[in-house]
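Examining the three-dimensional arrangement
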Amino acid sequence: MTDWFALCRAAVEDVRGVLVELPTRTEREPVVGEGEGGDETTAIDAAAERVILERLSAVEGATIVSEEVGILEGDGPLRIVVDPIDGSLNAKRGIPFFSVSIAVAEGDTMDDITFGYVYDFGTGEEWTAERGKGALLNGADLGDVLPKEQIEILSFEATLTSSVAEKASAVVGLAYRLRIMGSLALSLCHLAAGRVDAVCSLKGARSVDIAAAQLLVRERGLAIELPEAPPFGAAPLDLEGRSRCVAAATPEVCTELFAALSR
């Protein structure tokens, strides 16, 4: 049986080695291609994915879903969904808010995910969840602090300046303050810990962005939805962004937030 914690921690060290090899923006930001997810592939994206895929290839029979190379089909039911660097713009510019995100599933939908792992390279925080066993931060229970139902801090993700300008006015009176931090996976982890009160992506969220962190959110009993392509649990573990992602303390808060953003 695969020791997923050990494998993920080894993958973190692989990516850490890449960060040392490519220390500055000069080395990290050259565009070297276009990923299967549709975004430009930078040198840091490509190098991080290469070392992680080498690590994950040891898992016999697993299908691997990764942001740049797409879907590498295996011959077994196991599916590993990985974003080698979530927050790659931060990573290439040297802003310490980016992560590696790895989810393990026994099938091909969100409901099939059994293990989630997100590592924050800025803080060194390790976020983990196992289905039915709760969510942990650095190996410890997240405790009793949950997001507020009255949104004090709303995190926007997947944002362009034009998107923020278009949607910020819609949440006046609903959310007191906005944060735009640059990693959807980490923002969802912060929601799970009650550090922010709601998270919304302003473009379609792909499984590689949310597969691991959504398990922390759900294990905490919080709400997460893909309202333009429901139900959430049936969302395919592929590279298509079918819906914006909304997460908050309760389904009612998600509904209210998405309604405001859809006006």
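Source: prediction; values computed, not measured.

1. Some remarks on the environment of aspartate 209
Tracing the sequence through the fold places aspartate 209 in helix 7 (residues 207-219). What makes aspartate 209 buried here is its relative accessible area of 9%. As a C-alpha pair, aspartate 209 and leucine 188 span 21 residues in sequence and 9.9 Å in three-dimensional space. Sequence-distant contacts of aspartate 209, that is, excluding residues within four places in its chain, are made with Asp83, Asp86, Leu184 and Ala185.

2. Some words on the sheet that holds strand 11 (residues 151-157)
Spatially, the five strands line up as an open sheet ordered 12-11-13-15-14, and their pairing is mixed. For this open sheet the edge positions go to strand 12 (175-179) and strand 14 (223-225), each flanked by a neighbour on one side alone. Shown here is a sheet whose adjacent strand axes are inclined to one another by a mean of 15°, direction ignored. Inspection of the sheet shows strand 14 paired to strand 15 (residues 246-248) by three bridges, in the antiparallel sense. Considered in strand 15, the bridge of alanine 223 is made with alanine 248. Contacts from helix 8 (residues 251-261) reach strand 11, strand 13 (198-201), strand 14 and strand 15 within the one sheet, and its direction differs from that of strand 15 by about 140°.

3. What to know about the packing of aromatic side chains
For the structure shown, the criterion picks out three aromatic pairs. Taking 5.1 Å as the distance between ring centres and 80° as the angle between the ring planes, the aromatic pair formed by tyrosine 119 and phenylalanine 121 counts as edge-to-face. Each member of the pair tyrosine 119 and phenylalanine 121 is classed as buried.

4. Points about the pattern of salt bridges
Note on pairing: side chains with opposite charge can pair once their charged atoms come close. Evaluation of the coordinates by the stated rule reveals 15 salt bridges. A salt bridge links glutamate 29 to arginine 25; the shortest N-O distance between them is 3.1 Å. Given the relative accessible area of 26%, glutamate 29 is considered partly exposed. For the salt bridge of lysine 148 with glutamate 152, the shortest nitrogen-to-oxygen distance reads 2.6 Å. Note on lysine 148: relative accessible area 45%, which makes it partly exposed. You can call glutamate 152 partly exposed: its relative accessible area is 34%. Because the salt bridges share partners, they merge into one network encompassing Glu67, Arg206 and Asp209.

5. Description of the pairing of strand 8 (residues 126-130)
Working note: regular strand, side chains alternate between the two faces of the sheet. Counted residue by residue, strand 8 has four buried out of five residues, so it is predominantly covered. Relative to strand 8, strand 7 (residues 113-120) runs antiparallel, the two being bridged by five bridges. Bridged to phenylalanine 115 within strand 8 is glutamate 130. With antiparallel pairing between neighbouring strands as the criterion, strand 7 and strand 8 make up a hairpin whose turn holds five residues, including glycine 124 at a positive phi of roughly 80°. Between the end of strand 8 and the start of strand 9 (residues 134-137), which pair antiparallel, lie three residues, with glycine 132 showing a positive phi angle near 80°.

6. Here's the deal with the nonpolar core
Generally speaking, soluble globular proteins have nonpolar side chains that are buried together. Ile113, Val118, Trp127, Leu188 and Ile210 are the most contacted members of the largest nonpolar core, which totals 42 residues. Every element with two or more residues in this core is listed here: strand 6 (99-105), strand 7, strand 8, strand 9, helix 6 (184-192) and helix 7. The element contributing the most residues to this core is helix 7, with eight residues. Once you skip the residues sitting within four places of it in the chain, leucine 188 turns out to touch Val199, Ile210, Ala213, Val217, Ile224 and Ala247. Counting residues in hydrophobic clusters, the runner-up holds 31 residues, among them Trp4, Leu22, Leu53 and Phe121.

7. A word on helix 6
Of all nine residues in helix 6, nine are buried, a share of seventy percent or more. Those residues of helix 6 that sit buried are Leu184, Ala185, Leu186, Ser187, Leu188, Cys189, His190, Leu191 and Ala192. Phi for glycine 194, located one or two positions after helix 6, is positive at around 75°.

8. Some thoughts on the pairing of strand 12
By the bridge criterion, four bridges tie strand 11 to strand 12 in an arrangement that is parallel. From the neighbouring strand, isoleucine 151 faces strand 12, where its bridge partner is alanine 175.

9. Some words on the packing of helix 1 (residues 4-21) against helix 3 (residues 43-56)
Running from amino to carboxyl end, helix 1 crosses helix 3 at an angle of 150°, the nearest separation of the two axes being 9 Å. Here helix 1 runs over helix 3; the crossing is right-handed. In contact with Leu7, Ala10, Ala11, Asp14, Val15, Val18 and Leu19 of helix 1, helix 3 contributes Ile44, Ala47, Ala48, Val51, Ile52, Arg55 and Leu56. Grouping the constituent residues of the contact of helix 1 with helix 3 by class yields twelve nonpolar, no polar and two charged.

What counts, and where the lines are drawn
Residues numbered from 1 in each chain as written. Predicted model: local features only at pLDDT ≥ 70, side-chain atom pairs only at ≥ 80, totals over all residues. Heavy atoms only, no water. Helix = DSSP H or I, 4+ residues; strand = E, 2+ residues; numbered from the N terminus. Buried < 20%, exposed > 50% of the residue type's maximum accessible area, 1.4 Å probe, protein only. Contact = heavy atoms within 4.5 Å. Pairing = 2+ DSSP bridges. Axes fitted to C-alpha atoms, helices over the stretch in contact; angles between N-to-C directions. Phe/Tyr/Trp six-rings, centres within 6.5 Å; stacked < 30°, edge-to-face > 60°. Salt bridge = Lys/Arg side-chain N within 4 Å of Asp/Glu carboxyl O. Core = buried A, V, L, I, M, F, W, Y, C linked by side-chain atoms within 4.5 Å. Left-handed = near helix turned anticlockwise from the far one by under 90°. Nonpolar A, V, L, I, M, F, W, Y, C, P; charged D, E, K, R; others polar.

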